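Below are the chains, spelled out letter by letter.
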Amino acid sequence: MKIKLHSYNLQLKHTFTISRESHDFQPSLVVELISDGFSGFGEATSNPYYNITVTNMKAIIQENLAFIESLSGEKPADFWRKLQPLFAENMFALCALDMAFNDLYARKQNKKLYEIWGLNIGKNPMTDYTIGIDSVEKMVAKMKELPWPIYKIKLGTKNDIEIVTELRKHSDAIFRIDANCGWTADQAIENSFKLKELGVEFLEQPLKANDIEGAKILFKNSALPIIADESCIVESDVEKCFGLFHGVNVKLTKCGGLTPGKRMLEKAKELGLKTMVGCMTESTVGISAIAHLLPLLDYVDMDGGLLLKKDIAKGITIHNGVISYADENGTGASLL
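Cut-offs applied
- Residues numbered from 1 in each chain as written.
- Predicted model: local features only at pLDDT ≥ 70, side-chain atom pairs only at ≥ 80, totals over all residues.
- Heavy atoms only, no water.
- Phe/Tyr/Trp six-rings, centres within 6.5 Å; stacked < 30°, edge-to-face > 60°.
- Buried < 20%, exposed > 50% of the residue type's maximum accessible area, 1.4 Å probe, protein only.
- Helix = DSSP H or I, 4+ residues; strand = E, 2+ residues; numbered from the N terminus.
- Lys NZ or Arg CZ within 6 Å of the ring centre and 35° of its normal.
- 1 Å grid on protein atoms, 1.4 Å probe; cavity = no way out; pocket = protein on both sides within 12 Å on 5 of 7 lines; lining within 4 Å.
- Points joined across faces, edges and corners; volume = space filled by probe spheres on them.
- Nonpolar A, V, L, I, M, F, W, Y, C, P; charged D, E, K, R; others polar.

## Side note on the packing of aromatic side chains
Two aromatic rings, taken as a pair, are described by how far apart their centres are and by the angle between their planes. Here the structure, examined in full by the defined rule, presents seven aromatic pairs. On the numbers, 4.8 Å between centres and 85 degrees between planes, the contact of Tyr-49 with Tyr-50 is edge-to-face. According to the relative accessible area criterion, Tyr-50 is partly exposed, its value standing at 22%. Pairing Tyr-114 with Tyr-325 gives two aromatic rings, centres 4.9 Å apart and planes at 50 degrees, and the pair type is tilted. On the criterion of sequence distance, the pair formed by Tyr-114 in helix H5 (residues 113–116) and Tyr-325 in the loop between strand E14 (322–324) and strand E15 (334–335) is long-range, its members being 211 residues apart. No difference in accessibility class separates Tyr-114 from Tyr-325, as the two residues are buried. Members of the aromatic cluster, connected to one another through ring pairs, are Tyr-49, Tyr-50 and Phe-92. The residue whose ring lies beneath Arg-20 is Tyr-49, and the NZ or CZ to ring-centre distance is 3.8 Å. Looking at Arg-263, its charged tip hangs above the ring of Trp-80, at a distance of 5.0 Å from the centre.

Structure, rendered in structure tokens:
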């Protein structure tokens, strides 16, 4: 097995702003694993909040290159288990490797990844489309640019209720709110009742991840379900979210890939939690991998490719929220 690393600086259609940062470009690393005439692809994007760069992802992969390439005969779960101790400080790089290996493994079996997992795609959820923080006029313009059945709206400003009130005038779509740790418990409780009246489905990570006492109060008093994101990073976090959140948003880059992500979703279901997977503005390489987890999900945010000015890959396609799989096996992704 050989490894090829492909670096990109993905340009976004619009400046993307959340409560703690703004950016116009998204650096990304695509890992290609080549074996027996097949290529598998995986992706992870950089993230300043978690101190992840394309440079440090490439460096740790290069440091362990010979060992990684020696694992071509493993099953995906064993591949991940053997690499995890080496990548404990950079789970994003491990995600790209694990995603590529799962893709490669399924392609070698001449099956799509969801078939390898024995999942039924008959009731897959639709994806939302994210509207980043901006002036109300620009947020409305983004919605008009791409009419969609479900919008995920980034908040965490002093005028959050006013923003959603105005957006509601222009769309009957389902709204989901992501405050990215931007509120206090009291603000979140008060906002939950107002936002419920405005047709909001749930609140994602309104409080800082370390605000456990606030999370307890919010869980008991919110008018809307609360979904964990920054509070649910790795596998051990799922059980910690029980009793503090109504559901979990699993990010493959944060937990280290499809292999642990699938286990996290299965554990969440066992606990009666709602399940979601979110993206990190990946290209269609990363988004195509997420698609194979859809049968395990209640909600999904896999609009990364839609946010790009120009994609660097092909694979799954999305029309009006509905995801269609590629004809190719594995995850179905390939570079353009």
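Next comes the rest of the write-up.
## As for empty space enclosed by the protein
In the structure shown here, the tally under the stated rule is two cavities of 30 Å³ or more. Roughly 80 Å³ of volume is contained in the largest cavity. Taken together, Leu-12, Lys-13, His-14, Thr-15, Phe-16, Tyr-129, Thr-130, Gly-132, Lys-142 and Leu-307 make up the lining of the largest cavity. Those elements that place two or more of their residues in the lining of the largest cavity are strand E1 (2–18) and strand E4 (129–131). In the lining of the largest cavity, the residues fall into four nonpolar, four polar and two charged. Roughly 40 Å³ of volume is contained in the second largest cavity.

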